[in-house]
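Chains, contacts and geometry: an overview
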Amino acid sequence: MSSTSEVMAQRGSPPSWPQRIIGLYHNRHLREAITGYAFIVPAFLSLGVWWLYPMVYSVYLSLTRWNFMSPTKRFVGLENYARLIQHAEFWNVLWNTIYFSGATVILGLTGGLVLALALNQKLRGRSFYRAMMFSPWITPTVAAALVWLWIYNRDVGIFNQILMFLGQSRIDWIGSGQGMLRLWAMPALIIFTVWKSIGYNMVYFLAGLTYIPSELYEAADIDGASAYQKFRHITLPLLSPMTFFLLVVSLINTFNAFDQIRVMTQGGPAGATRTMVYYLYQNAFEFFDVGYGSAVAVVLLFLLILLTFIQFRAARSWVHYG
Amino acid sequence: MTTLTTRMTEAGRMAHNIRRKRTISKLVAHGLLLASSLLIAFPFIWMATRALMTPEELKLSRFQLIPSTIQWTNFIEFWQAEPLFPRYFMNSAIMALGVLILQMTVACLASYAFTFIRFPGRNLFFFIAISTLMIPVVVTYVPSYIILSDMPVWLRVAWSLLLSSSGLVVLWMILRTLERVITGVLGRESHLLSIAWRGIVLAGALTWFISDGLPAMRAGPAVPFWAAMSLMLVVFLIFELGEHLFSWFPGDKVALPVSIWRLILLGGILIFMAIQGPGWLGDNWLDTYQGLIIPSAVSAFGIFLFRQGFSSLPKDLIDAGKIDGASHLRMLTEIVLPLNKPILITFVIFTLVLYYNSYFWPLLITNRATMRVLTIGLQIFFIEKGYYGIRWHLIMAANTVAVAPLLIVFFVLQRWFIEGVATTGLKG
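Note that the structure is a prediction, hence the values are computed from the model and not measured.

**Looking at the overall build of chain A**
For chain A, the count of helices and strands is 14 helices and two strands. Taken over C-alpha atoms, the radius of gyration comes to 28 Å for chain A, far larger than the 20 Å a tight globule of 322 residues would show. Taking the principal axes of the C-alpha coordinates as reference, chain A spans close to 105 × 70 × 35 Å. For chain A, the proportion of its 322 residues judged to be buried stands at 54%. A sequence separation of at least 24 residues applies to 65% of the contacts in chain A between residues at least 6 apart. Accessible area for chain A stands at about 15,300 Å²; split by element, carbon and sulfur atoms hold 65% of it. Taking the 22 positively charged and 13 negatively charged side chains of chain A as two groups, their mean positions are separated by 5 Å.

**So, unusual backbone geometry**
If you check the backbone angles, Phe288 of chain A has positive phi at about 55° while not being a glycine. By the element assignment, Phe288 of chain A lies in the loop between helix H13 (276-286) and helix H14 (290-318). With relative accessibility at 36%, the residue Phe288 of chain A sits in the partly exposed group. Positive phi is not limited to glycine here, since Asp287 of chain B has a value of about 65°. Relative to the helices and strands, Asp287 of chain B resides in the loop between helix H11 (258-276) and helix H12 (289-293). Residue Asp287 of chain B is classed as buried on the basis of its relative accessible area, which comes to 14%.

**A closer look at the packing of aromatic side chains**
All names here are of chain B. This model, assessed by the stated rule, comprises 54 aromatic pairs over all chains. Aromatic side chains Phe114 and Phe126 sit 5.2 Å apart centroid to centroid with 70° between the ring planes, which places their arrangement in the edge-to-face category. Taken together, the positions of Phe114 in helix H5 (residues 85-116) and Phe126 in helix H6 (residues 122-131) put the pair twelve residues apart, joining distant regions of the chain. There is no split in this pair, since Phe114 and Phe126 are both buried. A cation over a ring is seen here: Arg307 above Phe126, with NZ or CZ 4.4 Å from the ring centre.

**Quick word on the packing of helix H5 (residues 88-119) of chain A against helix H9 (residues 185-209) of chain A**
Residues and elements named next belong to chain A. With their axes 6 Å apart at the nearest point, H5 and H9 run at an angle of 40° to one another. As the angle between them shows, H5 and H9 are arranged oblique. Considering how the two elements wind past one another, H5 and H9 form a crossing that is right-handed. Class assignment of the residues belonging to the contact of H5 with H9 gives a composition of 20 nonpolar, seven polar and no charged.

**Observations regarding the confidence of the model for chain B**
All names here are of chain B. On average, residues of chain B score 79 in pLDDT, and 84% of them reach the 70 mark or higher. Mean pLDDT values for the elements of chain B range from 57 in helix H1 (residues 2-7) up to 94 in helix H17 (residues 360-365). Scored by ipTM, the complex comes to 0.86, with pTM at 0.82.

**Quick word on the pattern of salt bridges**
Residue and element names in this part refer to chain A. Applying the stated criterion across every chain yields a total of four salt bridges over all chains. Here Asp289 ties to Arg83 by a salt bridge, and the two come within 3.2 Å at their closest N and O atoms. Here the residue Asp289 occupies a position in the loop between H13 and H14, and Arg83 occupies one in helix H4 (residues 79-86), the gap between them amounting to 206 residues. The buried category is assigned to Asp289, whose relative accessible area is 14%. Its relative accessible area of 25% is what places Arg83 among the partly exposed residues.

**Let's talk about the interface of chain B and chain A**
Counting residues at the interface gives 97 residues for chain B, matched by 93 residues for chain A. Summing both sides of the interface, chain B and chain A together bury roughly 9,000 Å²; the carbon and sulfur share of this comes to 80%. Together, Leu33, Ile40 and Met134 of chain B form the three largest contributors to the area buried by chain B at its contact with chain A, with a combined 7%. Joining chain B to chain A, the criterion identifies zero salt bridges. At the boundary of chain B and chain A, one finds nine residue pairs in polar contact (both at pLDDT 80 or more). The leading source of residues in the side of chain B that touches chain A is helix H2 (residues 10-51) of chain B, at 19 residues. Grouping the amino acids of the side of chain B that touches chain A by side-chain chemistry returns 73 nonpolar, 17 polar and seven charged.

**Here's the deal with the side chain of Thr64 of chain A**
Within the fold, Thr64 of chain A resides in strand E1 (residues 64-65). For Thr64 of chain A, the side chain forms a polar contact with the main-chain oxygen of Leu61 of chain A, separated by 2.7 Å.

**Here's the deal with helix H13 (residues 300-311) of chain B**
An α-helix turns once per 3.6 residues; consequently, residues spaced three or four apart project the same way. Given a rise of 1.5 Å per residue, twelve residues ought to cover 16 Å, and the 16 Å separating the end C-alpha atoms of H13 of chain B matches this to within 8%. Across the twelve residues that make up H13 of chain B, a large majority, nine, are buried.

**Re the nonpolar core**
Trp50, Ile138 and Met264 of chain A together with Tyr112, Val142 and Ile303 of chain B are the most contacted members of the largest nonpolar core, which totals 196 residues. Broken down by element, the residue count for this core peaks at 16 residues, all from H5 of chain B. If you look at the next biggest cluster of nonpolar residues, it comprises 20 residues, including Trp197, Phe209, Met229 and Leu231 of chain B.

**Quick look at a positive patch on the surface**
A cluster of like positive charges, contributed by Arg28 and Arg31 of chain A together with Arg118, Lys315 and Lys322 of chain B, occupies part of the molecular surface. Where the positive patch is concerned, the elements lending two or more residues are helix H3 (28-61) of chain A together with helix H14 (315-323) of chain B. Assignment of secondary structure puts Arg118 of chain B in the loop between H5 and H6.

Definitions and cut-offs
- Residues numbered from 1 in each chain as written.
- Chains lettered and ligands numbered in written order.
- Predicted model: local features only at pLDDT ≥ 70, side-chain atom pairs only at ≥ 80, totals over all residues.
- Heavy atoms only, no water.
- Helix = DSSP H or I, 4+ residues; strand = E, 2+ residues; numbered from the N terminus.
- Rg over C-alpha atoms; globule rule 2.2 N^0.38 Å.
- Buried < 20%, exposed > 50% of the residue type's maximum accessible area, 1.4 Å probe, protein only.
- Contact = heavy atoms within 4.5 Å.
- Areas by Shrake-Rupley, 256 points an atom, 1.4 Å probe, with all protein chains shown as cover.
- Lys, Arg positive; Asp, Glu negative; His and termini not counted.
- Charge placed at Lys NZ, Arg CZ, Asp CG, Glu CD.
- Phe/Tyr/Trp six-rings, centres within 6.5 Å; stacked < 30°, edge-to-face > 60°.
- Lys NZ or Arg CZ within 6 Å of the ring centre and 35° of its normal.
- Axes fitted to C-alpha atoms, helices over the stretch in contact; angles between N-to-C directions.
- Parallel < 35°, antiparallel > 145°, perpendicular 65-115°, else oblique.
- Left-handed = near helix turned anticlockwise from the far one by under 90°.
- Nonpolar A, V, L, I, M, F, W, Y, C, P; charged D, E, K, R; others polar.
- pLDDT = per-residue confidence, 0-100.
- Salt bridge = Lys/Arg side-chain N within 4 Å of Asp/Glu carboxyl O.
- Buried area = accessible area lost by both parts, 1.4 Å probe.
- Polar contact = N/O pair within 3.5 Å; in protein donor to acceptor, adjacent residues only side chain to side chain.
- Expected span 1.5 Å × (residues − 1).
- Core = buried A, V, L, I, M, F, W, Y, C linked by side-chain atoms within 4.5 Å.
- Patch = residues over 30% accessible without salt bridge, like charges linked within 9 Å, V, L, I, M, F, W, Y side chains within 5 Å.

Structure below.
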């Protein structure tokens, strides 16, 4: 392998520029770097075109007024954001998003943890239980939502059948009820989403539990610790990395939730289940108010970045590694 | 009885208590798990039983689990109501497989570089790639839609390049593998064989090009894909042949390795073809397969996952490869990937399931009935042919058919699914 200096030593004179170019070919570090860049070019070309550029473009679009059809986009500055803040529906949407995400994540993680604890014992039929409870996750959300649409049906759905059997009145779960009846649409969606993701959380927690050495529990038993104490001082802390991971992932997933809303409620009744993603979809693709929709997108982006940042900061105080 | 109790020591009593606690907790666990499993699996059971009932029975049944008469005809009826269902399924399959192949290639290359190749900015790029996991993908949908509706020329050129060159590489690998097989059968290397088959393929490619490709290229600025391919194949083969002829004759090789010449020439041809040929990849990618597949090309999850797997390989393996003079590409395909099969399988399963189930993106960019994917097909069937729930038996039948393959594959391969999913988050 000849470098430029070796060529110099051999020829006894400074290398000419063709020789230097050939020398470059033999330069291992340059070849390494070029190979490295070549390997990441497909990924970063795609990343740039379909992720980074769209993010910047979204910000630009949020400053315009456009309806997908006209060839020009009218620049209107921060007008979309002003409309956003003044529009009562936006605050309703924001609340719905927080309500939906918060409830789903809390219920989903708690349920997943409980089930994982139960499954962690040496039981027969473990894999059967595990498979049954994980199965909702692999099905298409749309297909599952259609089935649940019927379970929630006011007249023939199984939930109301049970309620009537117990002598209670029927609940208009996701129908077009007024007033108080609006209350049940979001819980209906939350129940569905928890049902879909609980197996996933359970499996992750289970994996995390297997990393806790059993000697710790045995030592605690000898010290006479109660089950609650063992849970609080051994299980929870050692499970915290997994909990943190699931927290972040679940939050992102619930913020992204769309399929079930579109299939089951379309944001209704009267906006009771309209989350930010659905609000974005409606404004951009149903009302063709692209600028406003992009403003919603930008707000969503910043909200999620903020929440993730807060989570990472808070993690320092409650997540124990190693 | 009294002798027994007096013989029980303190430690014995404690052990007995612990054992009793353990049995109780096991019973509680069993009960909880059984109840939960049944509750969670219940909607699928409900769906399957409803798929087998008549519409009248559906209205009357309350808690009925088993249909009184099994209506297999529901499955035929929904197909008749919507004959496009096989097409929906095919679209979903094409999308899922296309995305899988693309994502795996892109992520493997990138992860390999992040793990094994030292280049400036490596950590920064990795950080950028991983940070996209935090971004809600919805934010990119509107601009992506706009880009798809009017694809810029340079992007089409890039894709034209990529697809022509991959086509050539695949073809070449097939032929070379065949040659290796035959060499193995013969037991020794045969120069005559190498030159002979390359010569034959060259003759075939020349014939194809002269008879079909050349007229097509003369037709206009938009060069069909296969015309470009045939020209590339011809030129490439000339050089392959040339190199083999060279190696047959003793004596000095040319100053630069012949492969460099080949690369430069190939690059030139590809660029020429790419500029000529964006016509075959039109400028409107809405309602197309490439529009469904290509925007999902990069999977940050895949990059993350593969980097975990690659970095757990022992360093000596890579060093041994370097000493043997293997190129990075060969090391990737022959050393790193075969040793990471579990992670690859996890990724395959995860990605196939994710994109088979996708709904939002296809909803945005497809319009024609023939381009719908299965999830969209199901929802539209519910609205149009199921009349918003009046024909539940058909809807449930369609649902069952859509969901059943996934569930069956899942139950058979559940270990791969579950254990693969669980190992991804541990080092997070």
